[in-house]
Amino acid sequence: MDQTLTRPPLDASHSGALAPRAYGSVNWIGLWTLCLRETRRFWKVGMQTLFAPVVSSILMLFVFKLAIPGGAALPGGLDFASFLTPGIVMMAVLTNAFANTSSSLIIAKVQGNSVDFLMPPLSPIELTLGFLSGSVTRGVLVGLVTYVSVWAMQITPFNVEHVWAIAYYAIIGSLFMGAVGLLGGIWADKFDHMAAVQNFVIAPLTMLSGTFYPLSRLGDPFESISHANPFFHLIDGFRYGFTGQHEGDLAFGAIYVLAITLALCALCWRLLRSGYKLKA
């Protein structure tokens, strides 16, 4: 007698069954894992990602102190060294925040595993926050270590006038450049593309942002044009936190850089959602 054996379907209550994992509105475990991944990436090579920028910043300060003995008087009675140091610290924050996200994506593309970012159960907003968290962490840490080093070595007087301005512009600046690096990493297909972004976009805007000179010395129309440069407002606001003096409109600058940063973050979210240049 022929008998057909049937196997009852497995359900979630069966001890040997695997039920689909349910996530809430936010996959906190996945988001935290990506944040740790982006942080540990640069932490494992801390001598290169944290301390090398500090050495470069200190050497730059020494060069300017030797090139301009005794400093130069600036409007408001501020000496040149006190004017220059916050700008150099902020430059280190911005460049390292950019490097974190851009290197993460471009290395993944070169290795051929960029699609792996789209496979985990992470939403586009969670991917955006995870990548940007590493940039903020790296940027703030580089700025903090640079400040402590300059203060400990007594290279130049370094007071703190407004803590809120230092914290605000350090975080917003890291988010801003992290988003720029994320966009560059999504767009670029090789390291040459990222070098073009750094050399022809970031470097000119940074050098023409009033880091090494008061913007008022440019004269019109270049001074007025430079006020549209977000790097100027980031550095001017950050410098205000240490010196209590500023060249631009602080309220306008704070809102201006925040609006640009949010727009860039939204664009990152949109591109990650579409999988632009990430899907195999």
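Source: prediction; values computed, not measured. (Residues numbered from 1 in each chain as written. Predicted model: local features only at pLDDT ≥ 70, side-chain atom pairs only at ≥ 80, totals over all residues. Heavy atoms only, no water.)

**Student:** Would you mind going over the packing of aromatic side chains with me for this structure?
**Tutor:** The geometry of an aromatic ring pair comes down to the distance between the two centres and the angle between the two planes. Applying the stated criterion to the full structure yields eight aromatic pairs. Taken together, a centroid distance of 5.3 Å and an interplanar angle of 15° make the contact between Phe252 and Tyr256 stacked. Of this pair, Phe252 and Tyr256 both sit in helix 9 (residues 250-274), four residues apart, which is roughly one turn of the helix. An aromatic cluster of three or more residues is present, and its members are Tyr147, Phe238 and Phe242. The ring centre of Phe83 lies 3.7 Å from the NZ or CZ of Arg239, which sits over that ring. (Phe/Tyr/Trp six-rings, centres within 6.5 Å; stacked < 30°, edge-to-face > 60°. Helix = DSSP H or I, 4+ residues; strand = E, 2+ residues; numbered from the N terminus. Lys NZ or Arg CZ within 6 Å of the ring centre and 35° of its normal.)

**Student:** Whenever I open this one, the nonpolar core confuses me. Can you help?
**Tutor:** The nonpolar side chains of a soluble globular protein tend to be buried with one another. In terms of nonpolar packing, the biggest core is built from 60 residues, with Met90, Tyr169, Met177, Leu234 and Phe238 touching the most fellow members. Mapped by element, the contributors of at least two residues to this core are helix 2 (46-67), helix 3 (80-111), helix 4 (124-153), helix 5 (163-187), helix 6 (191-207), helix 8 (230-243) and helix 9. Among residues more than four places away in sequence, those in contact with Tyr169 are Met90, His233, Leu234, Gly237, Phe238, Leu250, Gly253, Ala254 and Val257. (Core = buried A, V, L, I, M, F, W, Y, C linked by side-chain atoms within 4.5 Å. Buried < 20%, exposed > 50% of the residue type's maximum accessible area, 1.4 Å probe, protein only. Contact = heavy atoms within 4.5 Å.)

**Student:** How should I be thinking about the environment of Val257 in this particular structure?
**Tutor:** In this structure, Val257 sits in helix 9. Classification of Val257 as buried rests on a relative accessible area of 1%. With 27 residues separating them in the primary sequence, Val257 and Pro230 have C-alpha atoms 6.0 Å apart. Among residues more than four places away in sequence, those in contact with Val257 are Tyr169, Ile172, Pro230, His233 and Leu234.

**Student:** Can you walk me through helix 6 in this structure?
**Tutor:** Helix length check: helix 6 (17 residues) gives 22 Å between terminal C-alpha atoms against 24 Å at 1.5 Å per residue, within 8%. Of all the bends in helix 6, the largest measures some 30° and sits at Gln198. Taken together, the buried positions of helix 6 are Met194, Val197, Ile202 and Thr206. (Expected span 1.5 Å × (residues − 1). Bend = angle between axes of the 7 residues up to and from the residue.)

Bear in mind that shape data such as this cannot, by itself, settle questions of function.
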